Every structure is written in C-alpha cells, then in structure tokens.
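What follows is the residue order along each chain.
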Amino acid sequence: MVTNTFYTKGYRAVVVGAGHAGCEAALALARTGIPTLMLSLNLDSVAFMACNPSVGGTAKGQLVREIDALGGEMGVNADRTALQMRMLNIGKGAAVQSLRAQSDKHAYHMRMKQTLENTENLAIRQGEAAEVLTRGGRVCGVRTAVGEVIEAEAVVLATGVYLKSEVIAGEYKQSSGPNGFAPADLLTQNLADLGFSVRRFKTGTPARVDGRTVDFSKCERQDGDAGVYPFSYLTDGVPQRQLPCYLTYTNERTHAVIRANLHRSPLYAGVIKGTGPRYCPSIEDKVVRFADKDRHQIFLEPESAGSNEVYVQGMSSSLPHDVQREMYRTVAGLERCEIMRYAYAIEYDCIDTLDLYPTLGYKKIEGLYTAGQINGTSGYEEAAAQGLMAGLNASLWLQGREPLVLRRDEAYIGVLIDDLVTKGTNEPYRMMTSRAEHRIHLRQDNADLRLTEKGYAAGLATDERYRRFCARKEAIGRIKARLNERVSPLRCTNFMTAHGCPAPSGGVSYADMLRRGIAVEDICREFSVLEGERPDDVDTAAIDIKYEGYLKRGLEQIEKAKQLEDKKLPPDTDYEQIAGLRLEARQKLNKIRPENLGQAGRISGVSPADVAVLMVYLSTRKRP
Ligand SMILES: Cc1cc2nc3c(=O)[nH]c(=O)nc-3n(C[C@H](O)[C@H](O)[C@H](O)COP(=O)(O)OP(=O)(O)OC[C@H]3O[C@@H](n4cnc5c(N)ncnc54)[C@H](O)[C@@H]3O)c2cc1C
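Residues numbered from 1 in each chain as written. Predicted model: local features only at pLDDT ≥ 70, side-chain atom pairs only at ≥ 80, totals over all residues.

## Re the packing of helix H6 (residues 252–260) against helix H9 (residues 321–328)
Between H6 and H9, the shortest axis-to-axis distance is 9 Å and the interhelical angle comes to 165°. Put simply, H6 runs roughly antiparallel to H9. In terms of crossing hand, the pair formed by H6 and H9 is right-handed. Where H6 abuts H9, its residues Thr254, Val257 and Ile258 lie against Val323, Glu326 and Met327. (Axes fitted to C-alpha atoms, helices over the stretch in contact; angles between N-to-C directions. Helix = DSSP H or I, 4+ residues; strand = E, 2+ residues; numbered from the N terminus. Parallel < 35°, antiparallel > 145°, perpendicular 65-115°, else oblique. Left-handed = near helix turned anticlockwise from the far one by under 90°. Contact = placed C-beta atoms within 7 Å.)

In structure tokens form, the structure reads like this:
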C-alpha cells in the first residue's frame, strides 16, 4: 500500500493506455493543442500487436482509411511498416473491397512510439493508473499505483485487454497481460466505484512457430498485390518489399487430437467464464461448432522482417501446451514445427458502453472518456477508431467546442460507435460490412471525401492533408466530366461489341460504357483518355458513375433517416412521465438517454410506436 502522494501539474489531459486506442487518442489531443500525458504499464507495449500482425481487412480496412481521412496515424503507420499488401474482395464490388496489410509488428510498434515521442504537446510515461480522480462529478486527474497524482481536466481510458487479465492454456491460469506483460489489477475496483457496469470478456491468440522449422513447400504461396493503393492519403506508393504468406489446412488428424482433448480445454471445462469473440473462434470451437467440416484454412504469416516467428492464423487455442504441440504438428507444412510462443486465451474486464454518450464520454462523470477494447470491442482498427474519436471529443470539449459525432451514413466509425452506445454489446464487438446500412456510400476509396473536411474543421487533419484532399476532389470532378463526354458510334461500336454490349444506335459516353459493365482501365486504354490522372482518382470517379442509381436511392433513405436524427431529444427528458410509452421503452430510454429520435428508434426494445409517441411528445413540448 503506497501512502506517499506527490503531484504532477501542467497537463490538461491524461490518456491511460498506449495500445491502438490510446495512441490515436493521445495524438488527437496533442495535435489539437492539448498538453497531454500518455500513461502505459509498459512503453514496450506501445501499439503492440497482441494478436495478428496485420492491419485492415474486410470492414476494418474502411475503418483505417476513415481514421486516416480524419487525421489519425494508423494508416500512415501501417503503410510504412507493411510486409505485404493485398486488396480483398476484388471480385465482389466496390462497397466491400478492403485493403489488408501484413505488418512488421516490431517496426509498427517502434514507428508509432517514435511518432508519439516526437509529437508536440505530448509526453509519454511508463506507469500504472490506479484511480481516476473526480471532484463534483468532473474528472480532476489520475492517481498512479506509486501515489503520483497527475492533475487533468480530461481522462481517456484505453486499457485494452489488461484489466485484471488472466492468461489461460489448459489447466494453466496466470494473472498476466498479453505476451507476458503485467496486468492492471488496480483500476477495475475504481471503475465499479465510479458507477461503471464491469463485465468479463475473453479472447485468444494462436501459436507463433519458428519459420526455419516450417516446410513452406507443402503450402500454397500467397503474394501481395502489385498496384494497390496505400491506406493513407498522405502516402505516395506502397512498399516495394513484399514478403509472402502461405495457406495450409487442418485435417481429420488435427480434429481428432482436438476432440480427444476437449476435456482439457478450459473453454469446455468451464474454466473460462468470459464471453469470447463470435467471429474469431478458437480452433477447438470451430471443430465443435462446424463438426461437418473436414478442414479449416490456416494462414502462415511473417511477424517481422527481422524475426523467424510465423503467426499461425486460424488456429487460436487455449488447449494445454502438450496438446497444442501435437495439434499443430498434424498440419501440412507444420509437421516438424517448433513452437516459439504457445497459443493462449486471455480474460479481462471491460465496461458496458450503454453508459457512454456518442462522444464516448461517460454519462456519469464529465471529462471521462473510454475507448478500445475496454469498451467491449475487439480488433486494432476498432480500437484506433474509438481512440481517435474519444481523444478528439475530449479535446473539443476542453476547447469549449461542439463535439464531433459521425452518423451511420457518414462513416463505419459512426456505425461502430452508434452500435456501442445505442445497442451495447454482450460479446467482443467486431466491425463487419453487414453492420452498415449504407455500404455503397461508406467505401474505402471515398473516406477522404466523406471525412477530411470534418477532420480539418476539428483541427486534426493537417494543411497538407487538406491540400491533397482538395486536389483529389478537383481531379475526381475533372475525370467525371471527361467520362461523360460522348464518343461517336464509329469509334466505339467494335470496342463495345467485343465487350459483349449491343452495338450502339448513336453516340455513347464513356460513362454509358462503364454502366454497361466495361472496366474503366479498358476504356482508358482503348480511347487514350485520362492519361496522367491518378488511378485511385479514376477508380473513385468510375465507381460513383457506375453506382449512380444506387447512390441516389441511398441518399433518399439517408435523407429520411436524417430527419429523425435532426429531432433532438432534450437531455432532461423524463421518459417515465411520457404517456403512451411501453414500460420496456421507458426503462431503456431512461438508461440510454438517446440524443435524438433516430438513435431512440435503434434501441432494442423501442418500437416504431414508441418513436411515434416521442414525436408527438416533441411537438407538444415545442408549443409555447
Ligand atoms: C491474446 C489476444 C488475442 C486477441 N485476438 C484478437 C483477434 O482474434 N481479433 C481481433 O480483432 N483482435 C484480437 N485481439 C485484440 C487486439 O489486440 C485488441 O483489440 C487491441 O489491441 C485493442 O487495443 P486497445 O488500444 O484497446 O488495447 P491494448 O492494445 O490492449 O492496449 C492497452 C494499453 O493500456 C495499457 N494499460 C492498461 N491498463 C493500464 C493502467 N491501469 N495503467 C496504465 N496503462 C494501462 C497497456 O499497457 C496497453 O498499453 C487480441 C488480443 C489479445 C491480447
């Protein structure tokens, strides 16, 4: 028990945690002029990739581009430290295409740490936050485990998977953070005392094997894509160096080993109590849940250019070490593998996000924000997105400015945060394209067109980013005008019929050809148009033209939804007193306190009839 107290002044904000959420939060605060201290249990865990060494992927790639468009760091960091880049879902249409980078996890950590170290207004410090200090319902600082009181007007908690964390593999259970880092055992009690509902979630990671002991010739080689665009609008070109990944599969022997040892699995023996991620199940979970499948895909991914460690994606497990060794060695290519780090599951405390505003501010204490895995999400990108928004909103609040809340039709970030604060989550939440209603508007290629002006207005996006955005916007307009020019039938009949289109009766525009399914690259090549334009600008213009009809229809729906979003519900509304509301709706509305009618309608348990009652209530309230 530490009795000595000493004081640190001079910071307006403290960010607790240096994971993906904490880094973006600290940068957003410092870059918008707020003197900020970032506190982390261990500075060697800055932007640490505790699980897969990769950034992006389906829906997550969109999040990274949105973070970047607003002025965040994740995209730049991922571009500079990529080992391989691939565009996923190329054959599936623009709405779901996403970039994925295999990252050098050590380089990713080091570059982010250097960025933090060299950011004005930002200090980073190793230390454990034990208590959030409050006075009169407002945050006034943080007390560390050694008794230091760091005074601050705003605090962002981004404690990730560390709160009372326990690592589990078979019969072995140990109080520990990920990767042998120390856990944070002191803060949970304080969060409960501050009124948070604390829950216990669980996640898991696969083994890392020694690449020298893997027979890659038995696996399918997967190279990166040439010619993909980077994540960041500030990066020119993707890295030339591209390391391969490999694909292999589990088989009946793997499944037999797992089935024979299920009684030793903490998951099935009831040792693990926390709720796990539905969309990243362990291999034992997959074998039980999908018993009819005779194999599961396994990707072998390099962890770093400077290490032999290979990440065995798809085989996360909490089985005992002896079973793991037998299990991994049944897989083609891994027969003689030596495990360098065994797989494990981890349980940790997190909070109920229904207690948060859409700013990610805590409803019961002014100036306190939470972001990342503490909010019940899973994934680096989800964490970084929340970190940026929590940090930026803390900064705007400190500046006395309006908060930045993104709507569901503006960004995946808007969907993510709205889901968390309106519906809550009972299991680790992961972003997926199916969660977004307006996917065709929320493409990865147009993130800057949707968000950079907002990031710039909030003071986060730099002048250079804004300049690039303006140039790109102008280029896209120019390209669209060019694509709308008409071509005589003489020049295009052969070309069109060769692409399976009927011969045109009159002149057609390049845009018409696009709508008839001809690729923009083919059009550019055939008619020598758009030479000198950037391929990403051409693609965005072409997608806008091709999906014009859908986009217009989508805009009508967005407009309708926006009318409800614009109807603000006063914060002092007492839903108990509104006649006509059903009991469940009253309880939920009083707990969540939605900001507007749109959000009210998305709360589970609030019916369209309840929304109609609220509409009447608002109209009568307005009457003098
Ligand atoms: C074993 C494992 C498996 C995972 N599997 C997956 C997966 O399959 N899919 C997926 O998408 N994601 C997975 N993840 C999750 C991914 O690692 C996280 O989603 C992401 O890192 C969360 O970022 P964060 O910033 O919220 O927290 P973290 O990256 O966990 O960082 C938390 C930070 O807070 C600091 N901290 C905590 N408490 C204190 C305190 N009291 N005082 C000071 N500092 C403190 C820590 O030192 C650390 O810097 C896994 C994580 C682990 C550990």
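Having seen the structure, we can now continue with the description.
## Here's the deal with the domain arrangement of the protein
When cut into domains, the protein gives domain 1 (8–55 + 71–83 + 105–202 + 348–407), domain 2 (208–346), domain 3 (468–554) and domain 4 (567–622). Once you take the C-alpha centre of each, domain 2 and domain 3 turn out to be 43 Å apart. (Domains from an automatic or database assignment.)

## Considering the nonpolar core
Counting residues in each nonpolar core, the largest one holds 141 residues, and the members touching the most others are Val14, Val15, Ala25, Ala26, Val155, Val156 and Tyr412. Take this core: its biggest share by element is 10 residues, from helix H10 (residues 380–398). The residues contacting Val15, other than those within four sequence positions of it, are Gly22, Ala25, Ala26, Leu29, Thr36, Met38, Val156, Ala158 and Gly391. By size, the runner-up hydrophobic cluster in this structure holds 21 residues, among which are Cys492, Val508, Tyr510 and Ile523. (Core = buried A, V, L, I, M, F, W, Y, C linked by C-beta atoms within 7 Å. Buried ≥ 20, exposed ≤ 12 C-beta atoms within 10 Å, placed from the backbone.)

## With respect to the environment of Ile34
With respect to the helices, strands and loops of the structure, Ile34 is situated in the loop between helix H1 (20–31) and strand S3 (36–40). Classification of Ile34 as buried rests on a count of 23 C-beta atoms within 10 Å. With residues up to four places along the chain from it excluded, the contact list for Ile34 reads Arg12, Ala13, Leu29, Asn121, Ser395 and Leu398.

## So, the site of the ligand
Taken together, 37 residues lie near the ligand, and Gly17, Gly19, Gly160, Gly372 and Gly379 sit nearest. Breaking the shell around the ligand down by element, the ones donating at least two residues are H1, S3, strand S14 (198–205) and H10. Here the shell around the ligand is composed, by residue class, of 19 nonpolar, 16 polar and 2 charged. (Near = placed C-beta within 6 Å. Nonpolar A, V, L, I, M, F, W, Y, C, P; charged D, E, K, R; others polar.)

## Remarks on the environment of Arg325
Structurally, Arg325 can be placed in helix H9. On a C-alpha basis, the gap between Arg325 and Glu335 in space is 9.8 Å, while along the polypeptide they are 10 residues apart.

## With respect to the sheet that holds strand S2 (residues 13–16)
Spatially, 5 strands are ordered S7-S3-S2-S11-S22 in an open sheet, and the strand pairing comes out parallel. The open sheet is flanked by strand S7 (122–126) and strand S22 (368–370), the only strands paired with a single partner. Neighbour-to-neighbour, the strand axes of this sheet turn through a mean angle of 20°, independent of strand direction. Note: S2 against strand S11 (residues 154–157), 4 bridges, orientation parallel. Among the inter-strand pairings, Val16 is bridged to a residue of S11, identified as Leu157. In this fold H1 packs onto S2, S3, S7 and S11, with an angle of close to 165° to the strand it touches most, S3. H10 contacts S2, S11 and S22 of the sheet and is inclined by roughly 170° relative to S11. (Pairing = 2+ DSSP bridges.)

## What about helix H19 (residues 583–592)?
One turn of the α-helix equals 3.6 residues, which is why residues spaced by three or four share an orientation. Regarding H19, the residues found buried are Ala585, Lys588, Leu589 and Ile592. Around the axis of H19, the buried residues are gathered within 100° of arc, so they sit on the same side. In the segment just after H19, Arg593 is the residue with positive phi, at about 45°. (Arc of directions from axis to C-beta.)

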